[in-house]
Amino acid sequence: MPRLLVVDDEESICFSMSEYFSLQGYKVDTASELEEAEKLLGATNYRVVIQDLRLTMTNSQDGLDMIKLIRAHNPQTRIVVLTAYGSAEVEDEARRCGADAFLRKPKPLSQVAQVVQGLLEAPPRHAARPA
């Protein structure tokens, strides 16, 4: 059973993703802030992390910091960024930090699941791309 972590400051998104992916056969954990996500990442080996970029209203760098953190601890974890604050520049920066996919909210859960499944079926990630 693949382990999945959903990190978003909107409780409704964490809840709906947890319900949806649990029904798809995943073991799902959720976190609403960076510190909570860090604890979970330190204790569990996740196959996929679905995360927002803005975890607080004051700091839009939280999500990028988390991508770097995940890459440092487990380079094999697949990272899907799901954000309402997407631009080409932000997407480029997220991918440079190590994001595998970049999706803009709102996105149907079925499409998010397709991206996750595609990443899980793809060959394992090797070293992070140079910045």
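You'll find the structure just up there.
This one's a predicted model, so the numbers in the text were calculated from it and none came from an experiment.

> How would you sum up the nonpolar core? Please name residues and give values.
Core analysis: the biggest nonpolar cluster contains 20 residues, and V7, L41, V49, M66, I67, V81 and A94 have the highest contact counts within it. Secondary-structure elements contributing two or more residues to this core are β1 (3-7), α2 (34-43), α3 (62-73), β4 (78-83) and α4 (88-97). Here this core gets four residues from one element, more than from any other, and that element is α3. Filtering out sequence-adjacent residues up to four positions away, L41 remains in contact with L5, Y46, V49, M66, L69 and I70. Among the nonpolar cores identified, the runner-up in size contains 19 residues, and L4, I50, A101 and L120 belong to it.

> Talk me through the packing of helix α1 (residues 11-23) against helix α5 (residues 109-121); I want residue IDs and the actual numbers.
Contact geometry for α1 and α5: axes closest at 11 Å, N-to-C directions at 60°. Judged by the inter-axis angle, α1 sits oblique to α5. The element α1 and its partner α5 pack so that their crossing is right-handed. Contact with α1, carried on its side by S16, M17, Y20 and F21, involves L109, S110, V112, A113 and V116 of α5 and no other residues of that element.

> Pulling in residues and values, what's your account of α2?
Because each turn of an α-helix spans 3.6 residues, side chains separated by three or four positions end up pointing in the same direction. Of all the residues in α2, the buried ones are L34, A37 and L41. The buried residues of α2 occupy an angular sector of 60° when projected down its axis, which confines them to one face. For α2, the exposed residues set more than 90 degrees away from the buried face come down to K39, G42 and A43.

> Explain the sheet that holds strand β2 (residues 27-31) to me, using residue names and the numbers behind them.
If you walk across this open sheet you meet the five strands as β2-β1-β3-β4-β5, and the pairing is parallel. At either end of the open sheet lies a strand with only one pairing partner, and these are β2 and β5 (101-104). Shown here is a sheet whose adjacent strand axes are inclined to one another by a mean of 20°, direction ignored. Strand direction decides the pairing type here: β4 and β5, joined by four bridges, are parallel. By the bridge assignment, V80 is partnered in β5 with A101.

> Which residues make up the environment of G25, and what are the values?
Its place among the elements puts G25 in the loop between α1 and β2. Residue classification places G25 among the partly exposed residues on the basis of a relative accessible area of 33%. Setting aside residues up to four positions removed in sequence, G25 forms contacts with M1 and P2.

> Tell me what's going on with the pairing of strand β3 (residues 48-51), and back it up with residues and numbers.
Of the two faces of β3, the one lined by V48 and I50 and the one lined by V49 and Q51 are each fully buried. Pairing of β3 with β4 involves four bridges; the strand directions are parallel. Opposite Q51, over in β4, you have V81 as the bridge partner.

> A description of the packing of aromatic side chains should follow, citing residues and the corresponding values.
In this structure the tally under the stated criterion is two aromatic pairs. Between Y20 and F21, the aromatic rings sit 5.5 Å apart at their centres with planes inclined by 85°, giving edge-to-face as the arrangement. We classify F21 as buried; its relative accessible area is 1%. One aromatic cluster is present, formed by Y20, F21 and Y26 through successive ring pairs. In this structure, R54 packs its charged tip against the face of Y85, placed 4.1 Å from the ring centre.

The rules behind these values
- Residues numbered from 1 in each chain as written.
- Predicted model: local features only at pLDDT ≥ 70, side-chain atom pairs only at ≥ 80, totals over all residues.
- Heavy atoms only, no water.
- Core = buried A, V, L, I, M, F, W, Y, C linked by side-chain atoms within 4.5 Å.
- Buried < 20%, exposed > 50% of the residue type's maximum accessible area, 1.4 Å probe, protein only.
- Helix = DSSP H or I, 4+ residues; strand = E, 2+ residues; numbered from the N terminus.
- Contact = heavy atoms within 4.5 Å.
- Axes fitted to C-alpha atoms, helices over the stretch in contact; angles between N-to-C directions.
- Parallel < 35°, antiparallel > 145°, perpendicular 65-115°, else oblique.
- Left-handed = near helix turned anticlockwise from the far one by under 90°.
- Arc of directions from axis to C-beta.
- Pairing = 2+ DSSP bridges.
- Phe/Tyr/Trp six-rings, centres within 6.5 Å; stacked < 30°, edge-to-face > 60°.
- Lys NZ or Arg CZ within 6 Å of the ring centre and 35° of its normal.

Fair warning: the whole summary comes from geometry, so function is off the table for now.
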